[in-house]
Amino acid sequence: GITPLKASGRSDVMANLFEWNWNSVASECTRVLGPAGYAGVQVSQPADSLRRTALGDGSDTVLHPWWEIYQPVSYELTSRMGTEAEFRAMVRTCRAAGVKVYVDAVVNHMTGQGSVSYGGTEYSHFAYDGLYDAADFHHRGEECSSSTGGIEDFNNLRQVRYCELVGLADLDTSDPHVRDTLAAYLNKLLGYGVSGFRVDAAKHVGQDDLIALRKKLHRTVDGDRPYVALEVFGGGPGSLSPQAFTEAGSAVLGLDADIQIKNAFKSYPADGTGSLATLRDFGEGSGLTPGDKTLSFVQNHDTERNGDSLNYKDGATNLLAQQFLLAYGYGTPQVYSSFAWETTDASPPSGKDGLITDTDCSDAAWVCVHADAAVTGMVGFHNRVGDAAVRNWWDDGGNLIAFGRGRAGWVALNNDRAAHTRTFSTGLPAGTYCNVTTGVARGGRCSGPTVRVAGDGTAEVTVPAKGAVAFTRADRV
Ligand code: LM2
Ligand code: CA
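The rules behind each value
- Residues numbered from 1 in each chain as written.
- Chains lettered and ligands numbered in written order.
- Predicted model: local features only at pLDDT ≥ 70, side-chain atom pairs only at ≥ 80, totals over all residues.
- Heavy atoms only, no water.
- Helix = DSSP H or I, 4+ residues; strand = E, 2+ residues; numbered from the N terminus.
- Buried < 20%, exposed > 50% of the residue type's maximum accessible area, 1.4 Å probe, protein only.
- Contact = heavy atoms within 4.5 Å.
- Areas by Shrake-Rupley, 256 points an atom, 1.4 Å probe, with all protein chains shown as cover.
- Lys, Arg positive; Asp, Glu negative; His and termini not counted.
- Charge placed at Lys NZ, Arg CZ, Asp CG, Glu CD.
- Domains from an automatic or database assignment.
- Buried area = accessible area lost by both parts, 1.4 Å probe.
- Salt bridge = Lys/Arg side-chain N within 4 Å of Asp/Glu carboxyl O.
- Polar contact = N/O pair within 3.5 Å; in protein donor to acceptor, adjacent residues only side chain to side chain.
- Donors = N, O, S within 2.8 Å, 3.2 Å for Na, K, Ca; no water.
- Near = heavy atom within 4 Å.
- Nonpolar A, V, L, I, M, F, W, Y, C, P; charged D, E, K, R; others polar.
- Disulfide = S-S within 2.5 Å.
- Phe/Tyr/Trp six-rings, centres within 6.5 Å; stacked < 30°, edge-to-face > 60°.

1. Re the overall build of the protein chain
From N to C terminus, the protein chain includes 9 helices and 23 strands. A principal-axis box enclosing the C-alpha atoms of the protein chain has dimensions of 75 × 45 × 45 Å. Of all 477 residues assigned to the protein chain, the portion counted as buried reaches 58%. Here the analysis covers contacts within the protein chain between residues at least 6 apart in sequence; of these, 71% occur between residues at least 24 apart. Summed over all atoms, the accessible surface of the protein chain reaches about 17,900 Å², with 49% contributed by carbon and sulfur. Here the protein chain carries 41 positive and 55 negative side-chain charges, and the mean point of each set is 9 Å from the other.

Below you can see the structure in the form of structure tokens.
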């Protein structure tokens, strides 16, 4: 594979294969992720969870919605995605393919409903698998003072931390027994070869408890500190803002970045063609958390549904946005792929028992953004330009932009509904280059169209409608 060039030592591009079963993740690591240059893969919450046996209160119509997994009932690793043995085999296979595994970890809460699970754990409300009892949770009238026991005011520090998020039993993460139990679970995963975590609902745990928990974590099998990315939605004041969490983990999720990306590419709600020229100041310059402290993405499983971000239904615009993020180099970029859906509660493709079936990227039930040639070409671009700064920015004030990454690579992106041809300054040496958005350079040949750069670094390039042209020095043919 390609050696990532980033100085951080924890490079580089991550795929987020949301609700893929373990066997499917394993084969994707070998077949696509490793060969394309992905350095990591985020997998779904692996602990045993709620398995509904009846529909809820009538507001939902799906027996096994995707969100069952956010209601853990124990830390046994039998889930909708597979068995513990399959999980371990997946981690081994991915690591052998050069792809590190990052786990979605739910530490704020346990399930708030049901009594049946995927792994057969026995549980009831506030009593889970012999791990926790009622004293290990926050309760209404005690730490939580909202009238319902739920979070009613998302700007209220005590409510956010000590009340229940959508009725989920809220762990008292200041309690030594709770911290030790969580650390034992996460350390088991690290022992299996996992490299880090996406911490669900981190805002609702709070900085002090997150820092205390992180101190209990072992090193990874590679000898590194685990990468810990905290989920903190923007919009909260002061201590509840993502900016206030950047020191409580390795990074925070780029949940404001994906909103800016949507607004630049789509101008929602106008649904126009956006304004890519605004991206000249994308990143810290547009108020986002520092790049080296951010796990960035165009969407995740929440934002693709709640309207904050673009999603796969945006088609070519979504792919172009993925290309931009990989080209620009803000944050640790992550590419999200999951299943197609029509309603927000929809289940991933599953049997009647709720067990998720194998992913088939050629089946319209799945959406494999990470494997699209337009995206994999830019994963290689991202790896090859490394830390080189954005330079030589050019835009037409609208939806055609171009920039270099140092002198290592150059890209043009066009969000218009028409192609544009013009002469650009690429800053690269004279030569013929393979456009990596449509072709692969191998053995001095390009499998698609090429670009000729003249002695003065200029090139006449046609940038297709809703498309990109990109190449690095290594793509010279
Ligand atoms: C997250 N981050 O902080 C996840 O990214 C998000 O997807 C999770 O919500 C949430 N926090 C809890 O981990 C999802 C989903 C909710 C769903 C919960 C729990 O968006 O709709 O709530 O998972 O499964 C569901 C019902 C809700 C019900 C709740 C508890 O939709 O109506 O509340 O279960 O039974 C009474
Ligand atoms: Ca909490």
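Text resumes after the structure shown.
2. Section: the domain arrangement of the protein chain
The domain architecture assigned to the protein chain consists of domain 1 (14-137 + 172-385) and domain 2 (390-475). The interface of domain 1 with domain 2 comprises 27 residues on the first partner and 28 residues on the second. Carbon and sulfur atoms supply 64% of the area buried between domain 1 and domain 2, which totals about 2,100 Å² over both sides. The tally of links between domain 1 and domain 2 comes to 1 salt bridge. Our count for the domain 1 to domain 2 interface comes out at 11 residue pairs in polar contact (both at pLDDT 80 or more).

3. Notes on the coordination of the calcium ion (ligand 2)
The calcium ion (ligand 2) binds to the protein through Asn108 (OD1), Arg161 (O), Asp170 (OD), Asp170 (OD) and His204 (O), with metal-donor distances spanning 2.4 to 2.6 Å. Counting along the primary sequence, the residues that act as donors to the calcium ion (ligand 2) give the motif N-x52-R-x8-D-x33-H. Here the residue Asn108 occupies a position in the loop between strand E3 (100-106) and strand E4 (109-110), and His204 occupies one in the loop between strand E8 (196-200) and helix H5 (207-215), the gap between them amounting to 96 residues. On the basis of relative accessibility, which here comes to 8%, the residue His204 falls in the buried class.

4. Some points on the pattern of salt bridges
Under the counting rule described, the total for this entry stands at 15 salt bridges. Where Asp104 meets Arg198, a salt bridge forms, and the shortest distance between an N and an O atom there is 2.9 Å. Remark: Arg198 occurs in strand E8 and Asp104 occurs in strand E3; sequence separation between them is 94 residues. As far as burial versus exposure is concerned, Asp104 and Arg198 are alike and both buried. Note that Lys293 and Glu247 form a salt bridge whose closest N and O atoms lie 3.9 Å from each other. Of this pair, Lys293 sits in the loop between helix H6 (257-266) and strand E11 (294-297) while Glu247 sits in the loop between strand E9 (227-230) and strand E10 (251-253); the two residues are 46 residues apart in sequence, bridging distant segments of the chain.

5. Describing the site of ligand 1
Taken together, the neighbourhood of ligand 1 is formed by 15 residues, with Trp67, Gln71, Gln113, Glu231 and Asp302 sitting nearest. One of the backbone N or O atoms of Val166 is found 2.9 Å from an oxygen atom in ligand 1. Backbone polar atom of Ala201 to an oxygen atom of ligand 1: 3.1 Å apart, as the coordinates give it. In isolation ligand 1 exposes 680 Å². Once the protein is present, 73% of that is buried. Grouping the constituent residues of the shell around ligand 1 by class yields 7 nonpolar, 4 polar and 4 charged.

6. Examining the state of the cysteines
For the coordinates displayed, the defined rule picks out 4 disulfides. Disulfide pairing places Cys434 opposite Cys446 at an S-S distance of 2.0 Å. As the torsion about the S-S bond is roughly 65 degrees, the Cys434-Cys446 disulfide counts as right-handed. Residue Cys434 is found in strand E18 (residues 431-434), and its partner Cys446 is found in strand E20 (residues 445-446); the two are separated by 12 residues along the sequence. Across this residue pair, the class does not change: Cys434 and Cys446 are buried. Listing the disulfide partners of the protein chain by sequence rank of the bonded cysteines yields 1-2, 3-4, 5-6, 7-8.

7. Remarks on the packing of aromatic side chains
Using the criterion set out here, one finds 27 aromatic pairs in the structure. Relative to Phe137, the ring of Phe126 has its centre 5.4 Å away and its plane inclined at 55 degrees; by these criteria the two rings are tilted. Linking Phe126 in the loop between strand E5 (123-124) and strand E6 (127-128) with Phe137 in the loop between E6 and helix H3 (157-162), this pair joins segments that are 11 residues apart in sequence. Among the residues examined, Phe126 registers a relative accessible area of 18% and is labelled buried. Overall, the relative accessible area of 1% leaves Phe137 in the buried class. Geometrically, the ring pair formed by Trp393 and Phe403 is stacked, given 5.3 Å between the ring centres and 5 degrees between the ring planes.

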